[in-house]
Amino acid sequence: MITITLPDNSKKQYKEGVTALEIARDISEGLARNVLSAKINGEVWDAIRPIDKDADVRLLTSRDEEGMATLWHSSAHLMAEAINTLYPGVKFGIGPNIEKGFYYDIDFGDYEISEKDFEKIENKMMEFAREKQLFIRQEVSKAEAIEYFTGKNDEYKLELINELDDGEITFYRSGDFVDLCRGPHLPDTGFIKAIKLLNVAGAYWRGDIKRKQLTRIYGITFLKKKDLTDYLQFIEEAKLRDHRRIGKDLELFTFSQLVGSGLPLWLPRGAELRERLENFLKKVQREAGYEQVITPHIGKVELFKLSGHYDKYGEDSFQPIDTPIEGEQFFLKPMNCPHHCEIYKSKPHSYKDLPIRLAEFGTVYRYEQSGELHGLTRARGFTQDDAHIFCRPDQLKDEFIGVIDIVMKIFKALDFKDFITQISLRDSNDKEKYIGSDENWEKAEKAILEVSAEKKLPNTIIKYGEAAFYGPKMDFMVRDALGREWQLGTIQVDYNLPDRFEMEYVGSDNQKHRPIMIHRAPFGSMERFVAVLIEHTAGKFPLWLTPVQAIILPISEKYNKYAKKVLTLLNNSDLRARIDERSEKTGRKIRDAEVNKIPYMLIVGEREEAESTISVRKQGEGDLGEFTVDQFVKRVNEEVNTIYS
RNA sequence: GCCGAUGUAGCUCAUUUGGUAGAGCGCGUCCUUGGUAAGGACGAGGUGACGGGUUCAAAUCCCGUCAUUGGCUCCA
């Protein structure tokens, strides 16, 4: 007999070879039907794999991430089984579960696969699922494994097997399909009740651009049909929040084939919105001791050779601009820092001058690969809310705190609650990779960790070995409507450029010292930030940002004159308002304003004109009653000013 | 850049197998002058992304280019 300990610490005696599924059945038949896999002494196992010694057992269901991982991993096998039946002779690469669903990389040989084939594959998968095929685990020797896949002529599996040690190789069989797999899997395919293949993509074998490109098919499955319907609905709703769509609807930005892909054109309303964001940040930065600078969009090749950008990225960048007569070469700037370094160097500095904080909304150009462009989140020309802080080592921590304060102010003003903070430190086993002294690195990394703890930043992850070669950094990331992660703000310590540019300041000891540089961009780029903001708010921007704050709706054309009077009053108070002068009924005007997400609707008719008032309706909420214009302006100003509190 | 998909009116889409294009919304004019989420009538709008080919005939079939898009790779 062995002792099984459950998560509530209850202990039970079982025969050797008992399975998690049997333990579940012992608790209740309903639970047994929902067990996908189980955690045995911290390792996820098949629910039907015999347990032969004392163990801690936690049953995994659809409520556990690991349970869903098992479902999706098994689904990848089911898909492979279906494909193996429908397209004999195809070869399989890897087929893991992912955060939401699974994929399988497959070499289809001469078959041409597109989304048109999905239905056929889904149907075959459903057929096998209904057969409730068992997933059978089998331990094999390396020689057996090699023999099997040599027979199948599958060089991908053979490559994987060759990297494994004898004695740790397992196969899983479902139906007639055998796959090299570590497991674990569902008890049988019958758990899979809803299947949807999502898309097909090319993927290089082992992620290596030099190797063969396989066909990757993504899919998702669920235990209940309803879950799939809900998931597909979520995708549809997320699409409605897509910044590319809303940006078009609200006339914020556009792209032009003639101008070139990845080069956004900001329309008047988008430009206004962006300008308000910039002004907000400028104000915050001024208060924090920043100074604005302005630099040109190009610089001589020598500048970027000095900064090191040329060597590292020159060939993959927009190519140099040549002057016709002198034969000089200029680069579009991919970063603002070299220009700012030259500003620092324009005069000598004393330790008393530091820190110097140079800020610029600097537009940069990077040749992103065509397949990588994505609306405003990935563009070839974009504007960073850049600043470079030049400081002494003893000032590093305070400067870091100052930057985090700015980032938090912005996130608060825009109601970003859901973000991740990533701290990237160096890999201390591979110090050769990094520039700068050991002492400086240790000091900077310690400062960052301390600041992060003091500021109690939520969702902080620390990654070792992710630092740039020139210094540790802290990044702020958010998710877009479709769950993709985007980096927004960044704070990076840099020991490299001060060296390259031979920057100096005179210390209190009358000796020359090298300053530390901090790159920071709280928004990241205006383009990406606005994109994320659009998706975050679904286009319902906060009042202080929105293009049109209020729309005046005259009950009939008889009151247009009064409406204009109200408009003038509002404009004089710096409110952004318009009038809907169409000869439409009030219900219609209200509907259109609601759909256009205009925060306030101001209804004026006979009564309002007589009493010199406006009837205020708030978007999404409804009628707020009668206000004088002064009362309304006061209300709006109070609402707007909350961003600075 | 690579694999897959897409490109028809300002927007969202339709046009069964090739026979010179339609709808809704929006827009314009007129009627209507209305009180908290769609009043009515009429009308204007399209080189079917662009270039080439096949055909008596191409939005439709083929090739190329550009752009968009889901991934991969890359990412300062």
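See the structure shown above.
Now for a look at the structure at hand. (Residues numbered from 1 in each chain as written. Chains lettered and ligands numbered in written order. Predicted model: local features only at pLDDT ≥ 70, side-chain atom pairs only at ≥ 80, totals over all residues. Heavy atoms only, no water.)

**Topic: the overall build of chain A**
- What chain A contains, in helices and strands, is 20 helices and 33 strands.
- Expressed as lengths along the three principal axes of its C-alpha atoms, the size of chain A is roughly 85 × 75 × 60 Å.
- Within chain A, buried positions represent 51% of all 645 residues.
- Intrachain contacts of chain A at a sequence separation of at least 6 include 68% that bridge at least 24 residues.
- Total accessible area computed for chain A in this model is approximately 32200 Å², and 47% of it derives from carbon and sulfur atoms.
- Here chain A holds 94 positive side-chain charges and 108 negative ones, and the gap between their average locations is 4 Å. (Helix = DSSP H or I, 4+ residues; strand = E, 2+ residues; numbered from the N terminus. Buried < 20%, exposed > 50% of the residue type's maximum accessible area, 1.4 Å probe, protein only. Contact = heavy atoms within 4.5 Å. Areas by Shrake-Rupley, 256 points an atom, 1.4 Å probe, with all protein chains shown as cover. Lys, Arg positive; Asp, Glu negative; His and termini not counted. Charge placed at Lys NZ, Arg CZ, Asp CG, Glu CD.)

**Let's talk about the protein's contact with RNA strand B**
- Taken together, 52 residues form the shell around RNA strand B, and within it Gln-213, Glu-372, Arg-378, Arg-588 and Glu-608 come nearest.
- When the atoms of RNA strand B within 4 Å of the protein are sorted by group, sugar and phosphate make up 49%.
- In the environment of RNA strand B, a base nitrogen lies 3.3 Å from a nitrogen or oxygen atom belonging to the side chain of Glu-584.
- Among the elements of the structure, β12 (194-204), β13 (213-222), α8 (243-249), α18 (586-595), α19 (606-611) and β32 (614-618) are those that each provide at least two residues to the surface near RNA strand B. (Near = heavy atom within 4 Å. Polar contact = N/O pair within 3.5 Å; in protein donor to acceptor, adjacent residues only side chain to side chain.)

**Examining the pattern of salt bridges**
- According to the stated counting rule, one finds 44 salt bridges in the structure shown.
- Note that Arg-206 and Glu-159 form a salt bridge whose closest N and O atoms lie 3.3 Å from each other. Separated by 47 residues along the polypeptide, Arg-206 in the loop between β12 and β13 and Glu-159 in helix α6 (residues 155-162) bring together distant segments of the chain.
- Within the structure, one salt-bridge network assembled from shared partners comprises Lys-39, Arg-58, Asp-64 and Glu-66. (Salt bridge = Lys/Arg side-chain N within 4 Å of Asp/Glu carboxyl O.)

**Side note on a nonpolar patch on the surface**
- On the surface, a nonpolar cluster with roughly 300 Å² of combined accessible area is contributed by Leu-449, Ile-462 and Tyr-464.
- Following the sequence through the fold, Ile-462 ends up in strand β23 (residues 460-464).
- The exposure class of Ile-462 is partly exposed, given its relative accessible area of 41%. (Patch = residues over 30% accessible without salt bridge, like charges linked within 9 Å, V, L, I, M, F, W, Y side chains within 5 Å.)

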